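Fold and geometry: a report
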Amino acid sequence: MSQYTVALAGNPNTGKSTLFNTLTGLRQHTGNWAGKTVMMAEGEFSYDDTTFRMIDLPGTYSLYSNSTDEEVARDYIIFEKPDVTIVVLDATSLERNLNLALQVLEMTNRVVVCINLIDEAKRLGVRIDLQKIEQRLGVPTVAISARNRIGIDKLLKQVKLIASGQINPRPIHIQYSDDIERKLAELEPSIRENLGSQYPTRWIALRLLDGDESLLSSLKKRMTEETSSPMKEVASYGRTACH
Ligand SMILES: Nc1nc2c(ncn2[C@@H]2O[C@H](COP(=O)(O)OP(=O)(O)OP(=O)(O)O)[C@@H](O)[C@H]2O)c(=O)[nH]1
Ligand SMILES: [Mg+2]
């Protein structure tokens, strides 16, 4: 049985499935997310005498409920609470990719930022100051090339440190305008009262301020139904690698 669950999040085409395939090999199965037409892949890998279950989330540019893909990725992070979320970024377009990383950091602190395609960045002459990015984001940051299996060990080391609770990252706290901060301060106590501390209160307050109906309905559904984990309904459809 897997000891920890790791989710892969990131923009489309950043190499999530390449990393997923590299790590899980044939120990994977794919299927549709319960009730949705979104493809999900789940697999298993071992590292340092520990077994990890890995979920390859759909690639998205944001987690703001603009599409079913975004809802699936968002719900997984919020409701299934993976032990670690790896945010996979494309080293050749970091600025655009960091947007999603910041969104995930508002949802959970158990994050490793994984800058992929480092080989491609090198080829293009792009230099990346990993230490600076790590310092600014407040979570472990590693550079890898999933396709060439470079940096994988460093990545897994950080994943295990977070999963096992040996490190507890304190991500950057994004400060909004005074007006928004005031509204957040008003909303947060009642969210905490209704939901307890099981969800990231500030993030939920931000989504509510944004009028995120889809999140509200997911929350209501979650609170009224005894739902089983959606991933339990993922059927085994053979052992094809995912894309
Ligand atoms: N040069 C290079 N290419 C890579 C690397 N990792 C992945 N790729 C390529 O990037 C492309 C996208 O990879 P995928 O693994 O399909 O990306 P993804 O994030 O799963 O994409 P979506 O499922 O659409 O979100 C493929 O052509 C990969 O071969 C890498 O480390 N270096
Ligand atoms: Mg993919």
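For every chain, the first residue of the written sequence is number 1, and numbering continues from 1 onward in sequence order. The lettering of chains begins at A and the numbering of ligands begins at 1, in the order of writing. Only residues with pLDDT of at least 70 are given local features in this predicted model, and only at 80 or more are side-chain atom pairs given and counted; all residues enter the totals for whole chains, interfaces and linings. Excluding hydrogens and water, the side-chain figures rest on all heavy atoms present in the structure.

Under an unreviewed UniProt entry, the name given to the protein is 50S ribosome-binding GTPase, and the organism recorded is Paenibacillus apiarius.

**A closer look at the overall build of the protein**
Rules: To qualify as a helix, a DSSP run of H or I must reach at least 4 residues; to qualify as a strand, a run of E must reach at least 2; elements of each kind are numbered from the N terminus. Every radius of gyration here is taken over C-alpha atoms, with the globule rule written as 2.2 Å times N^0.38, N being the number of residues. Note on classification: 1.4 Å probe, protein chains only; a residue is buried when its accessible area is under 20% of the maximum for its type, exposed when over 50%, partly exposed between these limits.
Of the regular secondary structure elements, the protein holds 9 helices and 7 strands. Relative to the globule expectation of 18 Å for 243 residues, the C-alpha radius of gyration of the protein, 18 Å, shows essentially globular dimensions. Taken along its principal axes, the extent of the C-alpha atoms in the protein is 50 × 40 × 35 Å. The buried share among the 243 residues of the protein stands at 49%.

**So, the pairing of strand S5 (residues 84-90)**
Rule in force here: A pair of strands counts as paired when DSSP detects no fewer than two bridges linking them. Handedness of a crossover: with both strands directed away from the viewer, a clockwise path from the first strand across the helix to the second marks it as right-handed.
Of all 7 residues that make up S5, 7 are buried, and the element is covered over most of its length. Burial of the side chains of S5 extends over both faces: Val84, Ile86, Val88 and Asp90 are buried on one face and Thr85, Val87 and Leu89 on the other. Bridge count between strand S1 (residues 4-10) and S5: 5 bridges; the pairing is parallel. Counterpart to Ala7 in the pairing with S5 is Thr85. Judged from the 6 bridges that link them, S5 and strand S6 (residues 111-116) form a sheet pairing that is parallel. Following the sheet pairing, Asp90 is matched in S6 by Asn116. Crossover S5 to S6 through helix H3 (residues 94-107) is right-handed.

**Looking at the confidence of the model for the protein**
Predicted coordinates in areas of low pLDDT are best not read in detail. As a reminder, the rule being used: Confidence scores here are pLDDT values: one per residue, from the predictor, ranging 0 to 100. Working rule for contacts: check all heavy atoms of both residues, and any pair within 4.5 Å makes them a contact.
Across the protein, the average pLDDT comes to 91, with 93% of residues at or above 70. Below pLDDT 50 for its whole length, residues 226-242 participates in 42 contacts with residues either more than four positions away or in separate chains.

**Remarks on the packing of helix H7 (residues 178-195) against helix H8 (residues 201-209)**
We apply this condition: Every axis corresponds to a line fitted to the C-alpha atoms, with the helix fit spanning only the stretch in contact, and the corresponding angles, defined between N-to-C directions, vary from 0 to 180 degrees. Crossing handedness: left-handed means the near helix sits turned counterclockwise from the far one by under a right angle, and right-handed means the same turn made clockwise.
At a closest axis distance of 8 Å, the pairing of H7 and H8 adopts a crossing angle of 115 degrees. Along this stretch, H7 crosses H8, giving a crossing that reads as right-handed. Contacts between H7 and H8 involve Ile180, Glu181, Lys183, Leu184, Leu187, Glu188, Ile191, Arg192 and Leu195 on the former and, on the latter, Thr201, Arg202, Ile204, Ala205, Leu206, Leu208 and Leu209.

**Focus on the site of ligand 1**
We apply this condition: Whether a residue is near a molecule or strand depends on its heavy atoms: if one lies within 4 Å, it is near. Surface accessibility follows the Shrake-Rupley procedure with a 1.4 Å probe radius. Residue values consider only the protein chains on display as shielding.
By nearness alone, 16 residues border ligand 1, and Lys16, Ser17, Thr18, Asp119 and Ser145 come closest of all. With the chains in place, 75% of the 660 Å² that ligand 1 exposes on its own is no longer accessible. Looking at the shell around ligand 1, the elements that each hand over two or more residues are helix H1 (16-24) and helix H4 (118-123). With 3 residues, the single largest contributor to the shell around ligand 1 is H1.

**Here's the deal with the UniProt feature "domain: FeoB-type G" (unreviewed entry) in the protein**
How we decide: UniProt positions are given in the numbering used here, feature names are shortened, and annotations may be inferred rather than shown by experiment.
In this structure's numbering, the residues bearing the UniProt feature "domain: FeoB-type G" (unreviewed entry) are residues 3-165. A helix fraction of 38% and a strand fraction of 27% characterise residues 3-165, whose end C-alpha atoms lie 13 Å from each other.

**Quick look at the sheet that holds S6**
Taken together, the 7 strands give an open sheet; going across it, the order is S2-S3-S4-S1-S5-S6-S7, and neighbouring strands pair in mixed fashion. Looking at strand neighbours, the two that pair on one side only are strand S2 (28-32) and strand S7 (141-143), the edges of this open sheet. Each strand of the sheet is rotated relative to its neighbour by a mean of 25 degrees, with strand direction disregarded. Relative to strand S4 (residues 50-56), S1 runs parallel, the two sharing 5 bridges. Counted as the bridge partner of Tyr4 is Phe52 from S4. The sheet contacts of H3 involve S1, S5 and S6, and relative to S5 the element is tilted by about 165 degrees.

**Structural notes on the packing of aromatic side chains**
Defined as follows: Planes of paired rings set the category: under 30 degrees apart is stacked, over 60 is edge-to-face and the rest tilted, where pairs are Phe, Tyr or Trp rings (Trp by its six-membered ring) whose centres lie within 6.5 Å.
Applying the stated criterion across every chain yields a total of 4 aromatic pairs. On the basis of an interplanar angle of 80 degrees and a centroid distance of 5.8 Å, the ring pair of Trp33 and Tyr76 is categorised as edge-to-face. Pair noted here: Trp33 is in the loop between S2 and strand S3 (39-47) and Tyr76 is in helix H2 (residues 68-80), with a separation of 43 residues, a long-range link. The pair formed by Trp33 and Tyr76 is uniform in burial state, with each residue classed as buried.

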